[in-house]
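The chain contents come next:
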Amino acid sequence: MLTSKRLILAHFWLAFAAFAGALLLGEWQMFIRSPLHAWISNPEWYYRSVTGHGTAMAYVLPTLVAMGFGYFITEAALKRPLIGRAWAWVGFGLAVVGTITAVIPVALGAASVLYTFYPPLVGNPFYYIGVVLVVVGSWIWVALMSVNLYRWKKDNPGAAVPLAMFANVAGSYLWAWTSVGAAIELLFQILPVALGLRTTIDAGLARVFFSWTLHAIVYFWLMPTYIAYYTIVPRAIGGRLYSDSMGRLSFILFLVVAMPIGVHHLFMDPQVGGGFKFLHSVFTALVALPTLLTVFTICASVEIAARLRGGRGALGWIRALPWRNPMMLAIAFSFVMLGFGGAGGLINMSYQLDAVIHNTQWITGHFHLIFGGAIVIMYFAIAYDVWPHLTGRALECHGLIRAQLWTWFIGMMVLTFPWHWVGILGMPRRMAYYDYTDPALAPQANWVIMSVIGGAILVLSGILFLAVLIRGHRAPQIDPGPYRFSVAVHQPRRVPVALNSYGLWLSLMVGLTLVNYGFPILHLLTTPGTDVPAITVGAQK
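Please read these numbers as outputs of a predicted model, since none were measured by experiment.

Caption draft 1: Structural context of unusual backbone geometry. The amide bond that connects Pro119 to the next residue, Pro120, takes the cis arrangement and shows omega of 10 degrees. Inspection of the secondary structure puts Pro120 in the loop between helix 3 (85-107) and strand 1 (121-122). Positive phi, normally seen in glycine, also occurs at Phe117, with a value near 75 degrees. Looking at the secondary structure, you find Phe117 in the loop between helix 3 and strand 1. Since its relative accessible area comes to 1%, Phe117 is described here as buried. Phi is positive for Tyr118, which is not a glycine, with a value near 45 degrees.

Caption draft 2: Expanded view of empty space enclosed by the protein. Taken as a whole and judged by the stated rule, the model has two cavities of 30 Å³ or more. A volume near 60 Å³ is recorded for the largest cavity. Every residue along the wall of the largest cavity is listed here: Ala66, Phe69, Gly70, Trp141, Ala167, Asn168, Gly171, Ser172, Phe220, Met223, Pro224 and Ile227. Only helix 2 (44-78), helix 5 (163-194) and helix 7 (216-231) provide two or more residues apiece to the lining of the largest cavity. A breakdown of the residues in the lining of the largest cavity according to their chemical character gives eight nonpolar, four polar and no charged. In this model, the second largest cavity occupies a volume close to 50 Å³. Residue lining of the second largest cavity: Met30, Arg33, Gln361, Trp419, Met427, Tyr434, Tyr436, Val448 and Ser451, and that is the complete set. Class assignment for the residues of the lining of the second largest cavity results in six nonpolar, two polar and one charged.

Caption draft 3: How the structure looks around the side chain of His389. Of note, His389 is situated in helix 14 (residues 361-391). Among the polar contacts listed, one links the side chain of His389 to the backbone oxygen of Gly481, at a separation of 3.4 Å.

Caption draft 4: Representation of helix 11 (residues 288-308). The end-to-end C-alpha distance of helix 11, which contains 21 residues, comes to 30 Å, matching closely the 30 Å that a straight helix rising 1.5 Å per residue would cover. Looking at helix 11, one finds that the buried residues are Pro290, Leu293, Thr294, Thr297, Ile298, Ala300, Ser301, Val302, Ala305 and Ala306. Once helix 11 ends, the next one or two residues include Gly310, with phi positive near 100 degrees.

Caption draft 5: Broad picture of a nonpolar patch on the surface. Where nonpolar side chains cluster on the molecular surface, the patch consists of Trp421, Ile424, Leu425, Trp447 and Met450 and spans about 450 Å² of accessible area. Breaking the nonpolar patch down by element, the ones donating at least two residues are helix 15 (398-424) and helix 16 (445-472). Looking at the element boundaries, Met450 is found in helix 16.

Caption draft 6: Expanded view of the nonpolar core. Ranked by internal contacts, the top residues of the largest apolar core, which has 170 residues, are Phe12, Phe16, Leu61, Tyr71, Tyr128 and Trp221. Apart from the residues lying within four places of it in its own chain, the contact partners of Tyr128 are Val113, Phe117, Leu121, Val122, Gly123, Leu186, Ile190, Leu191 and Ala194. By size, the runner-up hydrophobic cluster in this structure holds seven residues, among which are Val422, Met427, Tyr434 and Val448.

Caption draft 7: Inspection of the side chain of Ser49 at higher detail. Of note, Ser49 is situated in helix 2. Filtering out sequence-adjacent residues up to four positions away, Ser49 remains in contact with Leu25, Trp28 and Gln29.

Caption draft 8: Representation of the packing of aromatic side chains. Enumeration according to the criterion identifies 42 aromatic pairs in this entry. Ring geometry for Phe69 and Phe72: centres 6.4 Å apart, planes at 20 degrees, overall stacked. Here the residue Phe69 and the residue Phe72 both occupy positions in helix 2, the gap between them amounting to three residues, near one helical turn. Relative accessible area serves as the criterion here: at 1%, Phe69 is assigned to the buried category. Taking 5.2 Å as the distance between ring centres and 70 degrees as the angle between the ring planes, the aromatic pair formed by Phe117 and Phe210 counts as edge-to-face.

Caption draft 9: Representation of the environment of Pro35. Mapped onto the elements of the fold, Pro35 is located in the loop between helix 1 (5-32) and helix 2. Exposure remark for Pro35: the relative accessible area of 34% places this residue in the partly exposed category. Put simply, Pro35 and Gly52 are 17 residues apart on the chain and 23 Å apart in space, counted from C-alpha to C-alpha. Beyond its immediate stretch of four places on either side in the chain, Pro35 contacts Tyr436, Ala445, Val448 and Ile449.

Caption draft 10: How the structure looks around the environment of Tyr384. Along the polypeptide, Tyr384 turns up in helix 14. C-alpha separation for the pair Tyr384 and Met327, spaced 57 residues apart in sequence, amounts to 8.7 Å. Leave out the neighbours within four places in its chain, and Tyr384 touches Leu395, Ile401, Gln404, Leu405, Phe465, Val468 and Leu469.

Caption draft 11: Seen up close, the pattern of salt bridges. Tallied over the full model, the rule gives seven salt bridges. Put simply, Arg48 and Glu44 hold a salt bridge, and the shortest N to O gap is 3.0 Å. Residue Arg48 and its partner Glu44 are both found in helix 2; the two are separated by four residues, about one turn of the helix. Between Arg80 and Asp155 there is a salt bridge, and its shortest N-O distance comes to 2.7 Å. Here Arg80 is found in the loop between helix 2 and helix 3, whereas its partner Asp155 is found in helix 4 (residues 125-155), with 75 residues between them in sequence. With relative accessibility at 47%, the residue Asp155 sits in the partly exposed group.

The rules behind the values
Residues numbered from 1 in each chain as written. Predicted model: local features only at pLDDT ≥ 70, side-chain atom pairs only at ≥ 80, totals over all residues. Heavy atoms only, no water. Helix = DSSP H or I, 4+ residues; strand = E, 2+ residues; numbered from the N terminus. Buried < 20%, exposed > 50% of the residue type's maximum accessible area, 1.4 Å probe, protein only. 1 Å grid on protein atoms, 1.4 Å probe; cavity = no way out; pocket = protein on both sides within 12 Å on 5 of 7 lines; lining within 4 Å. Points joined across faces, edges and corners; volume = space filled by probe spheres on them. Nonpolar A, V, L, I, M, F, W, Y, C, P; charged D, E, K, R; others polar. Polar contact = N/O pair within 3.5 Å; in protein donor to acceptor, adjacent residues only side chain to side chain. Expected span 1.5 Å × (residues − 1). Patch = residues over 30% accessible without salt bridge, like charges linked within 9 Å, V, L, I, M, F, W, Y side chains within 5 Å. Areas by Shrake-Rupley, 256 points an atom, 1.4 Å probe, with all protein chains shown as cover. Salt bridge = Lys/Arg side-chain N within 4 Å of Asp/Glu carboxyl O. Core = buried A, V, L, I, M, F, W, Y, C linked by side-chain atoms within 4.5 Å. Contact = heavy atoms within 4.5 Å. Phe/Tyr/Trp six-rings, centres within 6.5 Å; stacked < 30°, edge-to-face > 60°.

Right under this line is the structure:
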């Protein structure tokens, strides 16, 4: 029985409201820098929009989805009311206040620093304070996930933690440690400058601290998606999960190897030595392990569903899959985009190949395909699956849901593939203006227009998504019954301690992070003369 429906819905609706605004900003950015639009008179508008788009998509949307879905999992998987609901509302309130606090200076043009903060450029302090408030609100969620699991394990000694809850808490711990890097950068480097207490900043050290968060945050984004892969998809398509243990191992691997990899974003930065860049590149490759394990497990689970539906033959079972089921469409589209995006990631992690595409539109295409594509489409699927249980009303517009998923998939492919191509041709990212009359850029014009069309399709898909959810609040009332997660083929009653707890894995997570980041940070902290003058947004050039 869900007792925190209003709390969960509040998180989802704020997340999707931020998503809607950010989606429109993203399409506007592509349009005004395309051949379809004349050069805007003030390029600051573009960077203002990029900051708002990135902040909403990278911080607000995934954090609130993870929090809302986490509260849902806690009650549905543990089958007991959420402990600390008042504190959960406090965390939500901080997220709301933080979002508003950050948006205002961005809208006023006082914080156009992009979501990566970009020191030595420093914006209005209220932008950073807003981001900090959102993070603090999420830390309350982390604490509540831990408390609820502790109380459940105390009442059920030796029992296997439900896979959904095990993965949910693993994701919360990953986020808690992931966010430390950006928190240190904000609290001890950027905010003192923004508040006027200092006039210089060590930009290289700030980038190292942010790299602590920069790539690991991607695995926090995907945690709800992977939870849906393992605990929702098999049940929704009429099958069973191939292996509960493989699911636990996948989330453990993400917990351990997702953190010490961020310096591969600094391949072109001189402040970190080649040895540590190589070390981070190796650990980046290791992240492929839980992904490959997941692809195998979920494909096996999908095959089980197909064979239960009468599928036969080595590949004939694929025809027996419920292709009109929205969850089946979502997982198929997500895997396709994950495959293309992951292949691009292998190029990003290579020192030699990264030198070719560094800071080009290739990078923009890559992370939009992973996050906006493979991850966000499963956010849609999660919402569709849990909405009847949150509202007590049926989602009957299956045709509209299928149209929304198809348009999101098509739009994302049309958007990102041209970005990859123009990136290979050398087009830099995060530029407010391109002169397409230049012979060097003229061949790229049609590809840029294609991306604008892809963005327009995504806006249409976003409208369809919100329409489905709004209609869901007005649909006929139903009794959806108790929520069910996927059941494994061999559902364990007991699992090894190592697959049912986090102590060993958290130690490895912290230890590997300190090994991979400790020396570069200490070296920069003890090297004199590395500070540079800070530049305030809007300062005269």
